[in-house]
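So you can see what is in the structure, the chains are spelled out below.
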Amino acid sequence: MNFTRLCRRLRAAIALLAALGGTALAGDAKKWKCPPCGMACDSKTFDASGNCPGCGSPMIAVDARETTAVILLFEGVQIIDYTGPYEVFGQAGLRVVTVAASTEPLTTAMGMHVTPNFDLAHAPEADILVIPGGGVESATENQAVISWLREKAKQTPNVLSVCNGAFILAKAGLLDGLKATTFHGLIDELKTAAPHTTIVRDQRFVDNGKIVTAAGLSSGIDGALHVVAKMRGEGFAEATALGLEYDWRPDSNFARAALADRFIPRRALSRAVAAQVRSTKGSRDRWDLAVAVESAGFAADVLARVDRELEAQGKWSRVQVGTESSNGSYTRWIFVDEEGKPWSASSKIENAGEPTQWTVTIHVERRT
């Protein structure tokens, strides 16, 4: 175990000892409760610290007014965008509630039905305000929601958006003059929606102090743990992550929008051939995508269809076409990225064993 990992484990242990011993994680609170566990003890509070008699979890102190995370919901909300932070803040011992334009049941992305706890007018005071993504049009086009968000954010110390929830913050004018990120496929669109915001693609979340924007989907878990760390210390956040059995890496530079596969035009490939992904892997500097194709055509004919689509998207310039064998052809390309940096690429087709079965490989690599 390296020194950094050991320090984190020690801080996590200190946080757990603090929870057990009642040190100043929650001020001079007199009441105690266990982290939400789904059992009947969730609704109980106790007058002394220790382990919960119901589930055995180390209890945490609570203030007279519980620290509260308020999560905005709307039709088409992405499930993990709000349930990821919900789980984190709940595990950290916060009170977590949901709010929407009304308390009528909503249908999320993928068809989950959920009933909000509060409507906008009755939302409780918040220490954290979470704005998830998904089908955000129902929120961005609702002036009552935008007005509520604009005012609520003024009163809330911590605001966290997840995925394209950043577009809701942008509509409310809350990203002006700040840095922000969003779902990897919507980086360029956010630049248009938030022209006074610096959009970044190489961070899993962006912290402006009050407002934190997380990238897509599971990034909201990291963003929420970061908010917990800001509020109660990194050790407490690490203990929370351990409770979730989540391998939290606050120093990770993984950002989906920065990976090299962003240059591979998947839609162009799917227009050219009906393909099934065989493998897709790489890094920020290179990527290899291999797909299986069923076609009765010759290798050169199949690759020509792929190349026409690659060329039509207007970014790649063809520099060489060749044949490696009677069963394989390739094309080499060059292009530049959004910063004007040079890249090379290749498209290649090989027979996969049967006369009508082919493997098409797209490779991109940063040029030095």
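The coordinates are above.
Below or above, wherever it landed, is the structure these notes cover. (Residues numbered from 1 in each chain as written. Predicted model: local features only at pLDDT ≥ 70, side-chain atom pairs only at ≥ 80, totals over all residues. Heavy atoms only, no water.)

## Description of helix α2 (residues 79-91)
And step 1. Given a rise of 1.5 Å per residue, 13 residues ought to cover 18 Å, and the 18 Å separating the end C-alpha atoms of α2 matches this to within 8%.
And step 2. A positive phi of about 90° marks G93, the residue just after α2. (Helix = DSSP H or I, 4+ residues; strand = E, 2+ residues; numbered from the N terminus. Expected span 1.5 Å × (residues − 1).)

## Details of unusual backbone geometry
And step 1. Unlike most non-glycine residues, L217 shows phi in positive territory, near 55°.
And step 2. Structurally, the position occupied by L217 is in the loop between β13 (211-214) and α7 (219-232).
And step 3. In this structure, E245 takes a positive phi of about 55° despite not being glycine.
And step 4. Along the chain, E245 turns up in the loop between α8 (234-243) and α9 (266-272).
And step 5. E245 sits in the exposed class, given a relative accessible area of 76%. (Buried < 20%, exposed > 50% of the residue type's maximum accessible area, 1.4 Å probe, protein only.)

## A few points about the nonpolar core
And step 1. With 65 residues, the main nonpolar core has L72, L73, F89, W148, L149, I168 and L169 as its most contacted residues.
And step 2. Top contributing element to this core by residue count: α7, with six residues.
And step 3. What W148 contacts, discounting residues up to four positions off in sequence, is V70, L72, V99, L120, A123 and L129.
And step 4. The next biggest cluster of nonpolar side chains, apart from the first, holds 26 residues, and it includes L259, V302, W343 and A345. (Core = buried A, V, L, I, M, F, W, Y, C linked by side-chain atoms within 4.5 Å. Contact = heavy atoms within 4.5 Å.)

## Regarding the side chain of D307
And step 1. When you line up the elements, D307 lands in helix α10 (residues 299-312).
And step 2. A distance of 2.4 Å separates the side chain of D307 from the side chain of T331, its partner in a polar contact.
And step 3. Residues within four places of D307 in sequence aside, it is in contact with R318, T331, W333 and S347. (Polar contact = N/O pair within 3.5 Å; in protein donor to acceptor, adjacent residues only side chain to side chain.)

## With respect to the pattern of salt bridges
And step 1. Scanning the model with the defined rule gives 18 salt bridges in all.
And step 2. With a shortest N-O distance of 3.9 Å, D188 and R201 are connected by a salt bridge. A residue pair is termed long-range when its members are at least 10 positions apart, and D188 in helix α6 (residues 187-193) and R201 in the loop between β11 (198-199) and β12 (205-207) qualify at 13 residues.
And step 3. When its relative accessible area of 17% is taken as the criterion, R201 is described as buried.
And step 4. One network of salt bridges, in which partners are shared, links D188, K191, R201, R262 and E338. (Salt bridge = Lys/Arg side-chain N within 4 Å of Asp/Glu carboxyl O.)

## Quick word on the packing of aromatic side chains
Given two aromatic rings, one states the distance between the centres and the angle between the planes to describe the pair.
And step 1. In this structure the tally under the stated criterion is five aromatic pairs.
And step 2. For the pair W316 and F335, a centre-to-centre distance of 5.5 Å together with 5° between the ring planes defines the contact as stacked. One end of the pair, W316, is in the loop between α10 and β16 (317-325); the other, F335, is in strand β17 (residues 328-336), with 19 residues separating them in the sequence.
And step 3. Classification of W316 as buried rests on a relative accessible area of 4%. (Phe/Tyr/Trp six-rings, centres within 6.5 Å; stacked < 30°, edge-to-face > 60°.)

## Examining the sheet that holds strand β9 (residues 158-162)
And step 1. Taken in spatial order, the seven strands of this open sheet run β7-β4-β3-β8-β9-β13-β12, and their pairing is mixed. With partners counted over all chains shown, the strands left at the sheet margins are β7 (118-119) and β12, one partner each.
And step 2. Strand direction decides the pairing type here: strand β8 (residues 128-131) and β9, joined by four bridges, are parallel. Its bridge partner being in β9, L129 is matched across the sheet by V159.
And step 3. The strands touched by helix α4 (residues 143-155) within the sheet are β3 (68-72), β4 (95-100), β8 and β9, with β8 carrying the most contacts at an inclination of about 150°. (Pairing = 2+ DSSP bridges. Axes fitted to C-alpha atoms, helices over the stretch in contact; angles between N-to-C directions.)

Scope: geometric values only; no functional claims are made or implied.
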